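Structural overview for review
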Amino acid sequence: ANGSKISLDDAEYGLLASEGNTVITKTENGEIVYEKNAIEKNKGISNHALTNTIQTPKGGKYQVRLPDGSKVWLNSASTLSYPTAFTGTERKVKLKGEAYFEIASNKKIPFRVESDGQIVEVLGTHFNINSYDDEDFTKTTLLEGSVKVILNSNSDLLGKTRMLKPGEQSLTNASQSGIRIENADTEKAVAWKNGYFKFKNTPIQQIMREVERWYDVELVYEGKMPTDEFTGYISN
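Residues numbered from 1 in each chain as written. Predicted model: local features only at pLDDT ≥ 70, side-chain atom pairs only at ≥ 80, totals over all residues. Heavy atoms only, no water.

Looking only at helices and strands, the protein chain features two helices and 18 strands. By the compact-globule yardstick of 18 Å for 236 residues, the protein chain fits well, its C-alpha radius of gyration being 19 Å. For the protein chain, the C-alpha atoms occupy an extent of roughly 65 × 45 × 30 Å along the three principal directions. Within the protein chain, the proportion of its 236 residues that are buried is 40%. Pairs at least 24 residues apart make up 45% of the contacts formed inside the protein chain by residues separated by at least 6 positions. Accessible area of the protein chain: about 13,200 Å², with a carbon and sulfur share of 46%. (Helix = DSSP H or I, 4+ residues; strand = E, 2+ residues; numbered from the N terminus. Rg over C-alpha atoms; globule rule 2.2 N^0.38 Å. Buried < 20%, exposed > 50% of the residue type's maximum accessible area, 1.4 Å probe, protein only. Contact = heavy atoms within 4.5 Å. Areas by Shrake-Rupley, 256 points an atom, 1.4 Å probe, with all protein chains shown as cover.)

What follows is the structure, encoded as structure tokens:
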């Protein structure tokens, strides 16, 4: 929150920082953990709404455990901003890129993820959001529980709010009115989290966008673009 930056790959295990009465530690498996400081919590230290941001470069991914116990896996070239402590009537974070969420249940305080053009609201569930700038749609895929997808727009659009069931995926973008719902390949949606690429009838351009992000390379196309589609499952 004070503007300082920490290289998580280079940081040693243990305490990274302390903000308000929240301590931030790095575990031996590389996870970043936010939790209340047991020593300081009774000293009346105020937990102001301090914002932290975790950012992964191309080719990197990281896992963070938020102050409420929710877990987030952040894919390459992605950014997640969140408070060091959740206070008030909501737990809200902002995402650019892609992340997989396992949300700690709290029926009184909903968890909200703001991404490009939409807000996803949950009480406790497992889901994936793909919201890269170079993709045609923001895709929200539900694996477990239920989520509400809300278009982040001031206009009163038909279909502005939709509920997802497990196994469904929503697609939103600025040029499309409303929210499109499709049956999802959930294994494909979270393959990146498990260390794989999975493609099914996928154009080469879409495959190469993932290759660019994962290996930090720039692709240049020459000649006529092929119309072939590719299917496969392979370790990244």
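Anyway, onward from the coordinates.
By the definition in use, this model includes 11 salt bridges. Two residues, Asp-68 and Arg-91, come together in a salt bridge whose shortest N-O distance is 2.5 Å. Here the residue Asp-68 occupies a position in the loop between strand E5 (62-65) and strand E6 (71-74), and Arg-91 occupies one in strand E8 (residues 91-102), the gap between them amounting to 23 residues. A residue is classified by how much of its surface remains accessible, and Asp-68, at 23% relative accessible area, is partly exposed. The closest approach of N and O atoms between Glu-121 and Arg-112, which form a salt bridge, is 2.8 Å. In this structure, a network of salt bridges that share partners links the residues Asp-134, Glu-135, Arg-209 and Arg-213. (Salt bridge = Lys/Arg side-chain N within 4 Å of Asp/Glu carboxyl O.)

With 30 residues, the main nonpolar core has Val-64, Leu-80, Val-93, Phe-101, Phe-111, Val-113 and Phe-127 as its most contacted residues. Looking at this core element by element, the count peaks at four residues for E8. Residue contacts for Phe-127: discarding those within four places in its chain leaves Ala-99, Tyr-100, Phe-101, Ile-103, Val-113, Val-120, Val-122, Thr-140, Thr-141, Leu-142, Leu-143 and Val-147. Among the nonpolar cores identified, the runner-up in size contains five residues, and Trp-73, Ala-189, Val-190 and Trp-192 belong to it. (Core = buried A, V, L, I, M, F, W, Y, C linked by side-chain atoms within 4.5 Å.)

All right, on to the side chain of Asn-130 then. Considering the arrangement of structural elements, one finds Asn-130 in strand E11 (residues 126-131). You can call Asn-130 buried: its relative accessible area is 15%. If we ignore the near neighbours within four places in the chain, the residues touching Asn-130 are Gly-97, Glu-98, Glu-135, Phe-137, Thr-138 and Lys-139.

Time to look at a nonpolar patch on the surface. Taken together, the side chains of Tyr-215, Val-217, Leu-219, Tyr-221 and Met-225 make up a nonpolar region of the molecular surface, amounting to roughly 410 Å² of accessible area. Mapping Met-225 onto the fold places it in the loop between helix H2 (204-215) and strand E18 (229-235). (Patch = residues over 30% accessible without salt bridge, like charges linked within 9 Å, V, L, I, M, F, W, Y side chains within 5 Å.)

This part is about the confidence of the model for the protein chain. Model confidence for the protein chain is summarised by a mean pLDDT of 89, while 92% of its residues fall at 70 or above. Across residues 41-45, confidence stays below pLDDT 50; counting only partners more than four residues off in sequence or on other chains, it has five contacts. (pLDDT = per-residue confidence, 0-100.)

The next point concerns unusual backbone geometry. In this model, Ala-77 sits at a positive phi of 50 degrees, which is unusual for a non-glycine residue. Here Ala-77 falls in the partly exposed class, since its relative accessible area comes to 29%. Backbone geometry places Asn-201, a non-glycine residue, at a positive phi of 50 degrees. Take Asn-201: it is sitting in strand E17 (residues 196-203). For Asn-201, a relative accessible area of 48% translates into the label partly exposed.

What describes a pair of aromatic rings is the distance from one ring centre to the other and the angle between the planes of the rings. Going through the model one piece at a time under the given rule, you end up with eight aromatic pairs. Aromatic side chains Tyr-196 and Tyr-233 sit 4.7 Å apart centroid to centroid with 5 degrees between the ring planes, which places their arrangement in the stacked category. Of this pair, Tyr-196 sits in strand E17 while Tyr-233 sits in strand E18; the two residues are 37 residues apart in sequence, bridging distant segments of the chain. We classify Tyr-196 as partly exposed; its relative accessible area is 31%. Members of the aromatic cluster, each reached through a chain of ring pairs, are Phe-86, Phe-101, Phe-111 and Phe-127. The ring centre of Phe-137 lies 5.0 Å from the NZ or CZ of Arg-180, which sits over that ring. Note that Lys-193 overlies the ring of Trp-73, its terminal NZ or CZ placed 4.7 Å from the centroid. (Phe/Tyr/Trp six-rings, centres within 6.5 Å; stacked < 30°, edge-to-face > 60°. Lys NZ or Arg CZ within 6 Å of the ring centre and 35° of its normal.)

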